[in-house]
Amino acid sequence: MDLSLTPQESEFQRQVRRWLRRNVSRRSPAEEPGEYGNPKRIAELKQWQRKLYEAGYVAMGWPREYGGQSEPGGNRRDLLMRQTIVNEEMVKARAPSLIGVMGVQMVGPTLMQYGTEEQKRRFLPKILAGEQIWCQGYSEPGSGSDLASLTTRAEIAGDFFIVNGQKVWTSNAQFADWMFCLVRTDPTAPKHKGISYILIDMKSPGITVRPLVQMTGDKGFNEVFFEDVRVPRANLVGELNQGWQVANATLSHERNLLGSTTRTQQMFQGLLRLARTRRRGGKPVSADPAMRQRLADLAIRVESMKYHSYRQLTDLLHGRSPGIAASVNKLVSTELNHAICALALEVLGDYGMLERRSRHVADRGVWPYEFMFTLGLIIGGGTSQIQKNIIAERGLGLPRG
Amino acid sequence: MDFGLSDDQLILQRSARDLLAKECPPAVVRRIAEGPSGHSEALDRRMAEMGWTGLLVPPASGGLGLGMLDMAILLAEHGRAAVPGPFLFSALLATRAIVRGADRRLKKQWLPKLASGECTATIALLEESGDSAHPAVLRSRARRKGAAYVLSGRKLFVPYAHCVDLLITACRTSGSDGPDGVTLFLVDRRASGLSIRPLETVDRTRRVCEVEMRRVEVPADQLLGRLGGGWPVIEHLLDLAAVGVAADGFGGAERVLEMAVEYAKTRQQFGRLIGSFQAIKHIAAEMVAEIEPARSLVWFAAYAHDALPREARRASSMAKAALSEIYSRCANRAVQIHGGIGFTWEHDVHFWFKRAKWNELAFGAPAFHRERVAALGGF
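Cut-offs applied
- Residues numbered from 1 in each chain as written.
- Chains lettered and ligands numbered in written order.
- Predicted model: local features only at pLDDT ≥ 70, side-chain atom pairs only at ≥ 80, totals over all residues.
- Heavy atoms only, no water.
- Helix = DSSP H or I, 4+ residues; strand = E, 2+ residues; numbered from the N terminus.
- Rg over C-alpha atoms; globule rule 2.2 N^0.38 Å.
- Buried < 20%, exposed > 50% of the residue type's maximum accessible area, 1.4 Å probe, protein only.
- Contact = heavy atoms within 4.5 Å.
- Areas by Shrake-Rupley, 256 points an atom, 1.4 Å probe, with all protein chains shown as cover.
- Lys, Arg positive; Asp, Glu negative; His and termini not counted.
- Charge placed at Lys NZ, Arg CZ, Asp CG, Glu CD.
- Buried area = accessible area lost by both parts, 1.4 Å probe.
- Salt bridge = Lys/Arg side-chain N within 4 Å of Asp/Glu carboxyl O.
- Polar contact = N/O pair within 3.5 Å; in protein donor to acceptor, adjacent residues only side chain to side chain.
- Nonpolar A, V, L, I, M, F, W, Y, C, P; charged D, E, K, R; others polar.

(A) Examining the overall build of chain B more closely. Along its length, chain B carries 11 helices and 10 strands. For 379 residues, the compact-globule formula gives about 21 Å, and the C-alpha radius of gyration of chain B, at 21 Å, lands near that figure. When the backbone C-alpha atoms are referred to their principal axes, chain B occupies close to 80 × 45 × 40 Å. Among the 379 residues that make up chain B, the fraction classed as buried is 62%. Residue pairs at least 24 apart in sequence account for 73% of intrachain contacts in chain B once pairs closer than 6 positions are excluded. Accessible surface for chain B amounts to roughly 14,700 Å². Of this, 53% is attributable to carbon and sulfur atoms. Each charge class in chain B was averaged separately, 49 positive and 42 negative side chains, and the resulting centres sit 3 Å apart.

Set out below in structure tokens:
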């Protein structure tokens, strides 16, 4: 056990901090509620990813030939540590997160594992530079937690797939350039065995994107309709009908675990600031014994997730399998984030129910917004209940059924 | 950055698990729990042979000179096996009281014996008020008389006082109600004027006693540390106890989860294994989701005692508050998954269930430690 950074890592951390101080604009806060509705903001965020990429701070662990910094000899461990430092410092500096995160964290690693050489060269560098924004075509109206029941079909006609069907809850589809998509290519096979993983150009004729308004009031996600959309067969990733394995590999890919717990720590710091400054009965809310108990309870949960992420990073650095750690993370972190926001609303009292455009709103309305947004994350990406099934079945070996 | 156990620590963990599986299986826990003394001399001897009693004793005094993280790893294994006996109080608390507070002469006198297991010790801090957090509640007094101190008063909840050799006892030595009036003494369990009555306890794997001191004469050279210097040592011991009990709770929580999962894989109802029902799966998954992050919290708190002393107190309280509740909740859920059989004396799970509750309540219940987290975090 040693939680210190090496002198080289500390020096790198200082460099990153300096760079972020120079490049993160004070006027552009990390997450502006509803920013994805605004084309100007999207252009800014793409520009921001490009800048980060040029500074060498995006997906450092990818092979050099595809835009990363990893050499065949193996500086991977060092890069992983550096990437962790970058991610932590970005959250601390309240830098905007990567707009191309779906590409960098999901489709990129999948292409590296299953993609053809041509697919890798074609997509990976653009994913990193923020030139191509990706969205994920998984959920359908009839296929949520039971994803493998999906019915969007892709029929083969010569060198093309002809895609018909509908996806839903598709974040970023309104401005994404590409979609990685699960389609049914063999309707007669058992449900997990007739699915393929294909890449769809969102400018293809026959695609209609219709925004869905979330409970936050934002148009954050969409319905995507496919009507005879032609997708070149060269855009198939992995084997035909092997899409389920490809998609699962995506989920189990190295995730950058620290980012999310750093974010949780920041949310908690925000809550603490709020509790210290808001007053009730002539005293700061944080002086109230019942509130102190609840704040401390959250502080403990936040801190344990911090060390938990350190432990997972250590496992990753040693090349040990994360097992079901990602599911535990997802389950615990999303519920913790929501609990932090819920307590913040309680601290705010009546102010907690003011809309972000309202007069008198506190902290730019971020708490009620995040309270709702974090609820969505408990559901999206595999609900808490699905994560519990995974933990019980794959982690504890309890029988399916 | 390395947040993990070293190879030596993994070996310690493995050997402790193996030894305790063999020497302290549930049948042995049951035999000791149902017996009068609450410990087994054979098992205590075996643990001493392993060097565990000397884990925290410096090599110069015959110990292994390891740190709190090593001790936490070992105590997690004790918790997993629900080992009954004075180990936590002797090898961790009393030993660290002497390592931390005593002068060279006392160290030389006691540490080799504690390390070898020739001698065991406990700590006698609490009194009728049951409050460990405040010096003002101490009523026991020690008065100087020639070359001795004369101790009078009544201690409660003294772990294993009936079978250890040495009691580290807190007494008031000045009129001050504050921390500066508290002094620690090493009291021979066989000293005249000392009467010890074991109390009937719910958790049979932990025994506590009432200790009455009627003009017990203690040689002045058995004063631990400075006159009036006992309080900081006591505070340190409470921090260590918090981590130690948290580590025990972590191991116990893992064990009750395993017991519950094993049962859910064999018990059938409605023609299916009960482990195939989501109602059961989700309870078990929630246990995992609590235990896994908690492991890291315990490791960090123990590591802080070794390497980040300024963070040790807050981290100890965090670990104690978290593991207190997690272990209790997990034990509760494990009993629930077992159903009727889990509520019987015949099944073993109740030993862990009760130990969880002892762990929760001893050395500061969760609310006490959460308030400390709030205070130390400047809330």
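(B) Molecular detail of the interface of chain B and chain A. Each side of the interface is counted separately: chain B has 42 residues, and chain A has 43 residues. Per-residue buried area on chain B facing chain A is highest for Met1, Phe3 and Phe379 of chain B; these three make up 23% of the total on that side. Between chain B and chain A we count five salt bridges in total. In this structure, Glu303 of chain A and Arg314 of chain B form a salt bridge, with 2.8 Å as the shortest nitrogen-oxygen distance. Where chain B meets chain A, there are 21 residue pairs in polar contact (both at pLDDT 80 or more). At the level of secondary structure, the elements contributing two or more residues to the side of chain B that touches chain A comprise α7 (230-264), β10 (272-273), α8 (278-307), α9 (309-338) and α11 (366-376) of chain B. Take the side of chain B that touches chain A: its biggest share by element is 16 residues, from α8 of chain B. Along the lines of polarity and charge, the residues of the side of chain B that touches chain A split into 24 nonpolar, eight polar and 10 charged.

(C) Region of the structure containing the pattern of salt bridges. Under the definition given, this model contains 62 salt bridges over all chains. Among the ionic pairs, Glu54 of chain A bridges to Arg50 of chain A, the shortest N-O distance being 2.9 Å. Taken as a pair, Glu54 of chain A and Arg50 of chain A lie in helix α2 (residues 39-54) at a separation of four residues, close to a single helical turn. Here Arg190 of chain B makes a salt bridge to Asp165 of chain B, at a shortest N to O gap of 3.1 Å. Separated by 25 residues along the polypeptide, Arg190 of chain B in the loop between β5 (182-188) and β6 (194-198) and Asp165 of chain B in the loop between β3 (148-159) and β4 (166-172) bring together distant segments of the chain. Given the relative accessible area of 53%, Arg190 of chain B is considered exposed.

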